[in-house]
Amino acid sequence: DAGVIQSPRHEVTEMGQEVTLRCKPISGHNSLFWYRQTMMRGLELLIYFNNNVPIDDSGMPEDRFSAKMPNASFSTLKIQPSEPRDSAVYFCASSPRLAGEGTQYFGPGTRLTVL
Amino acid sequence: KNEVEQSPQNLTAQEGEFITINCSYSVGISALHWLQQHPGGGIVSLFMLSSGKKKHGRLIATINIQEKHSSLHITASHPRDSAVYICAVEGANFGNEKLTFGTGTRLTIIP
């Protein structure tokens, strides 16, 4: 299996622009997670889906952030409008979430820089 | 006070030394995860455990639910073990997989 795939790997944009991050989870995994990592705050969960349904979005910072999972093999995280404080590495992870097995498999991350 | 505390924040050791990284948490949990983040930024899940002990190669993870404490041990440490090790907990709410993370322990193994 190719693992969790994220695109783009790097994104540089200007303040006010819309940014869309993409994630393809491991086939057969039914949970998908979006995380953000910064030097100041470390790793934080933004939102996670189970069977394509958002379960916990308490970490989504504000209305500028939105996430969708239209099917089991694709998810997007959108920031509109972007701000410099959104600069971070965004990780997507997936999990099979079987009984007793919740190991999360992380993608390589998208490094976002908002100028 | 953070819900998940790790110690030490930084650890430098000589190759071959036995390494212990500690994680304490203040909330009820259903499971605890240990993750490894390589210098290049990639994150790998090492262990998920809810009781007792797990072992994989030179890595051992233990958890004491009553004391709300977990340890990650590395035997015969090697420079390639140099990484940031992150502890994360899943809340006790059944079915909620949300992870709360510690701030990580930066491990450097000197040849």
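Note that the coordinates shown come from a computational prediction; the quantities given were computed from them, not determined experimentally. (Residues numbered from 1 in each chain as written. Chains lettered and ligands numbered in written order. Predicted model: local features only at pLDDT ≥ 70, side-chain atom pairs only at ≥ 80, totals over all residues. Heavy atoms only, no water.)

A. Layout of the nonpolar core. With 22 residues, the main nonpolar core has B:Leu32 and B:Trp34 as its most contacted residues. Those elements that provide at least two residues to this core are strand 3 (19–25), strand 4 (29–37), strand 5 (43–49), strand 7 (59–64), strand 8 (69–74), strand 9 (83–91) and strand 11 (105–110) of chain B. By size, the runner-up hydrophobic cluster in this structure holds 21 residues, among which are A:Cys23, A:Ile79, A:Leu112 and A:Val114. (Core = buried A, V, L, I, M, F, W, Y, C linked by side-chain atoms within 4.5 Å. Buried < 20%, exposed > 50% of the residue type's maximum accessible area, 1.4 Å probe, protein only. Helix = DSSP H or I, 4+ residues; strand = E, 2+ residues; numbered from the N terminus.)

B. Local environment of the side chain of A:Asp86. All names here are of chain A. Mapped onto the secondary structure, Asp86 falls in the loop between strand 8 (74–79) and strand 9 (88–95). By relative accessible area, Asp86 is classed as buried at 2%. Other than its neighbours up to four places away in sequence, Asp86 contacts Arg36, Arg64, Phe65, Ile79, Pro81, Leu112 and Val114. (Contact = heavy atoms within 4.5 Å.)

C. Looking closely at the pairing of strand 1 (residues 4–7) of chain B. Residues and elements named next belong to chain B. Where burial is concerned, the two faces of strand 1 differ: the one with Val4 and Gln6 is buried and the one with Glu5 and Ser7 is not. With four bridges joining them, strand 1 and strand 3 adopt antiparallel strand pairing. For Val4, the partnering residue across the bridge sits in strand 3 and is Tyr25. (Pairing = 2+ DSSP bridges.)

D. Region of interest: the side chain of B:Asp81. All names here are of chain B. For Asp81, the location among the structural elements is in the loop between strand 8 and strand 9. Polar contacts involving the side chain of Asp81 include one to the side chain of Arg58, which spans 2.8 Å. Once you skip the residues sitting within four places of it in the chain, Asp81 turns out to touch Gln36, Arg58, Ile74, Leu107 and Ile109. (Polar contact = N/O pair within 3.5 Å; in protein donor to acceptor, adjacent residues only side chain to side chain.)

E. Representation of the interface of chain B and chain A. Contact with chain B, which involves 15 residues of that partner, is made by 19 residues of chain A. Looking at the side of chain B facing chain A, the largest losses of area belong to B:Ile43, B:Glu97 and B:Phe101, adding up to 42% of the total buried there. Inspection of the chain B/chain A interface yields zero salt bridges. Here chain B is connected to chain A by four residue pairs in polar contact (both at pLDDT 80 or more). Elements that contribute at least two residues to the side of chain B that touches chain A include exactly strand 4, strand 5, strand 9 and strand 10 (99–101) of chain B. (Buried area = accessible area lost by both parts, 1.4 Å probe. Salt bridge = Lys/Arg side-chain N within 4 Å of Asp/Glu carboxyl O.)

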